[in-house]
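Structure assessment
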Amino acid sequence: MHRSNRLFEIIQILRASDRPVTAERLAETLEVSARTIYRDIASLQAMGTPIEGEAGLGYIMRRGYDLPPLNFDAEEVEALQVGLSMLVRTGDSALQQAAQRICHKIEGLQADADWLRVAPWGAAPDDPAMGCVSLANLRDAIRSEHKLQITYRDGDQVQTHRTVRPVALIYHLDCTMLAAWCELRGAFRHFRSDRIWQCDELEECFSGQSTALRKLWAEQHSWEDGGAAAAAE
């Protein structure tokens, strides 16, 4: 999480709490160290954010501090709630956590539409304890344009080692696919994330190439002709 996003999240957590929140609890929620939280709190206080408290006792937001309201009509809020709820089907745990944070931010816009329900069945969770590759790591590699070294087992359990340039993630109903330029095959390939048994981000980058690669990938694999499925490993 970028620092600017983390600062915003600290404000949101403190605004929602009616009692002091310790640095340890903030650190656990935001997956950083307590030392990082202390620095962030000091930065927010220096910017004039009315946070009171101290290390060891916890922090609380002074009443009356608010952020500019979001302007959504009732149907737009319902669309957000349904769309965010559907992220549970992707198996992407980091996106699901982000969806929860967004829900907390919009829940004050209107009464909860608890009559809108989304079935949770979909792709398996990307739980590292179950041997699944983290989808957040795949997304990070796409954003940073870093090559990946993966160990992949296809549907026939044939195992190969690949160096790939990741360009996109495709969330299907029952699985998530990584679209990448495969240096072994010299072509685009699609890898089911639940068949990637090991994934290491390499220092080697393909900076400046991702836009052109995505354009070429999109031209070669359209939804209409089923190209993405046909090229899957």
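The coordinates are above.
Residues numbered from 1 in each chain as written. Predicted model: local features only at pLDDT ≥ 70, side-chain atom pairs only at ≥ 80, totals over all residues. Heavy atoms only, no water.

Things to note about the overall build of the chain
Counting secondary structure elements, the chain contains 8 helices and 7 strands. In the chain, the share of contacts with a sequence separation of at least 24, taken over all contacts with a separation of at least 6, comes to 60%. Split by element, the accessible area of the chain, about 13800 Å² in all, is 51% carbon and sulfur. (Helix = DSSP H or I, 4+ residues; strand = E, 2+ residues; numbered from the N terminus. Contact = heavy atoms within 4.5 Å. Areas by Shrake-Rupley, 256 points an atom, 1.4 Å probe, with all protein chains shown as cover.)

A look at the pairing of strand β5 (residues 176–182)
Most of β5 is tucked away, with 6 of its 7 residues classed as buried. As paired elements, strand β4 (residues 159–171) and β5 share 7 bridges and run antiparallel to each other. The residue of β5 that forms the bridge with L169 is L178. Connecting β4 to the next strand, β5, in antiparallel fashion are 4 residues. The sheet contact formed by β5 and strand β6 (residues 187–192) spans 6 bridges and is antiparallel. In the sheet register, L178 faces β6, and the bridge partner there is F191. (Buried < 20%, exposed > 50% of the residue type's maximum accessible area, 1.4 Å probe, protein only. Pairing = 2+ DSSP bridges.)

Describing unusual backbone geometry
Phi is positive for E145, which is not a glycine, with a value near 60°. Here E145 is to be found in the loop between α6 (135–144) and β3 (146–153). With a relative accessible area of 13%, E145 lands in the buried category.

Quick notes on the pattern of salt bridges
This structure, assessed with the given rule, holds 11 salt bridges. For the salt bridge of R101 with E9, the shortest nitrogen-to-oxygen distance reads 3.6 Å. Here the residue R101 occupies a position in helix α5 (residues 93–106), and E9 occupies one in helix α1 (residues 3–16), the gap between them amounting to 92 residues. Exposure remark for R101: the relative accessible area of 28% places this residue in the partly exposed category. Its relative accessible area of 8% is what places E9 among the buried residues. (Salt bridge = Lys/Arg side-chain N within 4 Å of Asp/Glu carboxyl O.)

Some words on the packing of aromatic side chains
Enumeration according to the criterion identifies 2 aromatic pairs in this entry. Where Y152 meets F191, the ring centres are 5.0 Å apart and the plane angle is 75°; that geometry is what we call edge-to-face. Linking Y152 in strand β3 with F191 in strand β6, this pair joins segments that are 39 residues apart in sequence. Judged by its relative accessible area of 1%, Y152 falls in the buried class. Residue class for F191 comes out buried when judged on its relative accessible area of 0%. With 5.2 Å between their ring centres and 85° between their planes, W181 and F188 make a pair best called edge-to-face. For W181, a relative accessible area of 24% puts it in the partly exposed group. (Phe/Tyr/Trp six-rings, centres within 6.5 Å; stacked < 30°, edge-to-face > 60°.)

Side note on the nonpolar core
Within the largest apolar cluster, 16 residues are counted, with the highest numbers of intra-cluster contacts made by I10, L14, I37, I41 and I51. Looking at this core, the elements with two or more residues in it are α1, α2 (23–30), α3 (34–46) and β2 (58–61). At 5 residues, α1 tops the list of elements feeding residues into this core. Beyond its immediate chain neighbours, meaning those up to four positions away, I51 contacts L14, I41, L44, Q45, Y59, I60 and M61. A141, L148, A180 and I196 belong to the second largest nonpolar core, which has 15 residues in total. (Core = buried A, V, L, I, M, F, W, Y, C linked by side-chain atoms within 4.5 Å.)

Points about the pairing of strand β1 (residues 51–54)
Summarising the sheet, β1 and β2 pair through 4 bridges and their orientation is antiparallel. Among the inter-strand pairings, G53 is bridged to a residue of β2, identified as Y59.

With respect to the sheet that holds β4
Taken in spatial order, the 5 strands line up as β6-β5-β4-β3-β7 in an open sheet, and their pairing is antiparallel. Each of the sheet's edge strands pairs with one partner strand only, and the pair in question is β6 and β7 (196–205). Looking at each pair of strands side by side, their axes are set apart by 45° on average, direction ignored. Across the sheet, helix α7 (residues 210–220) is in contact with β4, β5 and β6; its angle to β4 comes to roughly 85°. (Axes fitted to C-alpha atoms, helices over the stretch in contact; angles between N-to-C directions.)

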